[in-house]
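# Structural description and commentary
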Amino acid sequence: MSTTKDVDAVGGPTERDDRVNTLPQYVLPHHFLSGLMRWFTQIEYKPLKEWQIRTVTRKYQVDLSSAVETNPLAYRTFNHFFTRTLKPSERPIAAEANAIASPVDGAVSQAGPIRDGRIFQAKGQSFTAQELLGGSAERAKPFENGSFATIYLSPRDYHRIHTPLDGTLREMVHVPGRLFSVNQMTVRSVPRLFARNERVVTIFETPAGPMALVMVAAIFVSGMETVWSGVVTPGPRSKIRTWQYGTPKGSNVSLKKGEELGRFNMGSTVILLFPKSRMNWTTELTPGQSVKMGQLIGHVHSK
């Protein structure tokens, strides 16, 4: 006999099915496979890279009309195609002074309050802000009872990341970890998924106070980069690495709203964190909602 715990309302996959289907991911050599993908996506051999681009364009119905280079076969490698630039006119940035702009093209996974230090992942699954930010209670403290939004980038999306608000970089943290898939089935099944996967945490000072923008890696994501430091991953996986900015020993990095911040070499997820009572999301920012980079997704509260 089926129960409501095992079968969803429309007769879709059961929670047990999800758990069984994700079991192989626990034993896959995540970083080895992602390293192979990195090599594969940087091949310049014309027949192979054109096959890669044609296959992905067809399978995911990639729309290149907004790209600076609209000819899919003109890209030097598959990775150049995947991290393509867009025409500036295609992604207008929410202009109001208190407007928070979407950092990426993607789909909202979850958005809402951080309750008792925990961030909602999926039904029955959550993780703490402290875990997400690399285990530092001090780093997580500004976000107690604040707000979060998780945005998933599919293979068809634009894969550069932009700043949601004017911001001055204070810290960057590389947190080594696993590379579980971030598709819906895995998000429902793997406990603390986003706090287990490798990630790059950036902390900015903004008009809404401290803002954390977290780039979360996934299986086959072959690298993450920022505009100020270049390639961050792949990198050493033995310990957490931290960089300080805006200090006597650190460089100064300031970005205007909508400026490029970094990129995924292949796709994954971005998580935003804001402090309590400093901003609110728009009512349209709900699970499953598509967003475009630069689109209004929230407002900063006046002090």
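Before any of the text, the structure's been laid out above.
Predicted model only: the values in this text are computed from it and were never measured.

### A short note on the pattern of salt bridges
- Tallied over the full model, the rule gives eight salt bridges.
- Note that Glu44 and Arg76 form a salt bridge whose closest N and O atoms lie 2.7 Å from each other. Taken together, the residues Glu44 in the loop between helix 2 (30–41) and helix 3 (46–60) and Arg76 in the loop between helix 3 and helix 4 (78–82) connect sequence positions 32 residues apart.
- A relative accessible area of 45% means that Arg76 is categorised as partly exposed.
- The partner of Arg192 in a salt bridge is Glu131, and the shortest N-O contact between them spans 2.9 Å. Highlighted residues: Arg192 in the loop between helix 7 (184–189) and helix 8 (193–196) and Glu131 in helix 5 (residues 129–132), separated in sequence by 61 residues.
- Exposure remark for Arg192: the relative accessible area of 31% places this residue in the partly exposed category.
- The class for Glu131 is partly exposed, based on a relative accessible area of 25%.
- The structure contains a network of salt bridges with shared partners spanning Arg160, Glu260 and Arg263.

### As for unusual backbone geometry
- For Asp116, which is not glycine, the phi torsion reads 50 degrees and is therefore positive.
- One can find Asp116 in the loop between strand 2 (106–113) and strand 3 (118–122).
- On the basis of relative accessible area, Asp116 is assigned to the exposed category, the value being 74%.

### Regarding the pairing of strand 11 (residues 230–233)
- By the bridge criterion, three bridges tie strand 10 (residues 223–226) to strand 11 in an arrangement that is antiparallel. The partner of Glu225 across the bridge, within strand 11, is Val231.

### Focus on the packing of aromatic side chains
- Using the criterion set out here, one finds seven aromatic pairs in the structure.
- Centre to centre, the rings of Phe78 and Phe81 are 5.6 Å apart; their planes meet at 50 degrees, and the pair counts as tilted. Here Phe78 pairs with Phe81, and both are found in helix 4, just three residues apart, close to one helical turn. Note on accessibility: Phe78 and Phe81 belong to one class, buried.
- Chaining the aromatic ring pairs together yields one cluster made of Tyr75, Phe78, Phe81 and Phe82.
- Between Arg84 and the ring centre of Phe81, over which it is positioned, the NZ or CZ distance is 5.0 Å.

### What to know about helix 3
- For helix 3, spanning 15 residues, the distance from its first C-alpha to its last is 21 Å, which sits close to the expected 21 Å at 1.5 Å a residue.
- Of the residues one or two after helix 3, Gln61 is the one with positive phi, at around 50 degrees.

### Some details on the sheet that holds strand 16 (residues 279–281)
- Pairing within the open sheet is antiparallel, and its three strands lie in the order 1-18-16. If you trace the sheet from one side to the other, it starts and ends with strand 1 (99–101) and strand 16, each paired once. Going from strand to strand, the sheet's axes swing by 30 degrees on average, the running direction of each strand aside.
- Direction of pairing for strand 16 relative to strand 18 (residues 296–300): antiparallel, over a ladder of three bridges. By the bridge assignment for strand 18, Met279 is matched with Val300.

### Considering the sheet that holds strand 10
- Sheet architecture is open: four strands sit in the order 6-14-10-11, paired in antiparallel fashion. The open sheet terminates on both sides in strands that have one partner only, identified here as strand 6 (160–162) and strand 11. For this sheet the average axis-to-axis angle between neighbouring strands, irrespective of direction, equals 25 degrees.
- The pairing of strand 6 with strand 14 (residues 260–265) spans three bridges and is classified as antiparallel. When the bridges of strand 14 are listed, His162 appears paired with Glu260.

### Some words on the nonpolar core
- Of all hydrophobic cores here, the largest spans 35 residues; its most connected members are Ile161, Leu213, Met215, Trp228, Leu261, Phe274 and Trp281.
- Broken down by secondary-structure element, the contributors of at least two residues to this core are strand 5 (147–152), strand 7 (167–175), strand 8 (199–206), strand 9 (209–216), strand 14, strand 15 (269–274), strand 16 and strand 18.
- Discounting residues that sit within four places of it in the chain, Trp281 has contacts with Ala111, Gly112, Ser147, Phe148, Ala149, Leu272, Phe274, Ile297 and Gly298.
- Counting residues in each nonpolar core, the second largest holds 27 residues, with Ile114, Phe127, Phe143 and Ala218 among its members.

### Quick look at the pairing of strand 15
- Here strand 15 lies mainly inside the structure; six of its six residues are buried.
- Here strand 15 shows a buried face lined by Thr269, Ile271 and Leu273 and a second buried face lined by Val270, Leu272 and Phe274.
- Pairing analysis gives six bridges linking strand 5 to strand 15, with the strands arranged antiparallel. If you follow Ser147 over to strand 15, its bridge partner there is Phe274.

What counts and how
Residues numbered from 1 in each chain as written. Predicted model: local features only at pLDDT ≥ 70, side-chain atom pairs only at ≥ 80, totals over all residues. Heavy atoms only, no water. Salt bridge = Lys/Arg side-chain N within 4 Å of Asp/Glu carboxyl O. Helix = DSSP H or I, 4+ residues; strand = E, 2+ residues; numbered from the N terminus. Buried < 20%, exposed > 50% of the residue type's maximum accessible area, 1.4 Å probe, protein only. Pairing = 2+ DSSP bridges. Phe/Tyr/Trp six-rings, centres within 6.5 Å; stacked < 30°, edge-to-face > 60°. Lys NZ or Arg CZ within 6 Å of the ring centre and 35° of its normal. Expected span 1.5 Å × (residues − 1). Axes fitted to C-alpha atoms, helices over the stretch in contact; angles between N-to-C directions. Core = buried A, V, L, I, M, F, W, Y, C linked by side-chain atoms within 4.5 Å. Contact = heavy atoms within 4.5 Å.

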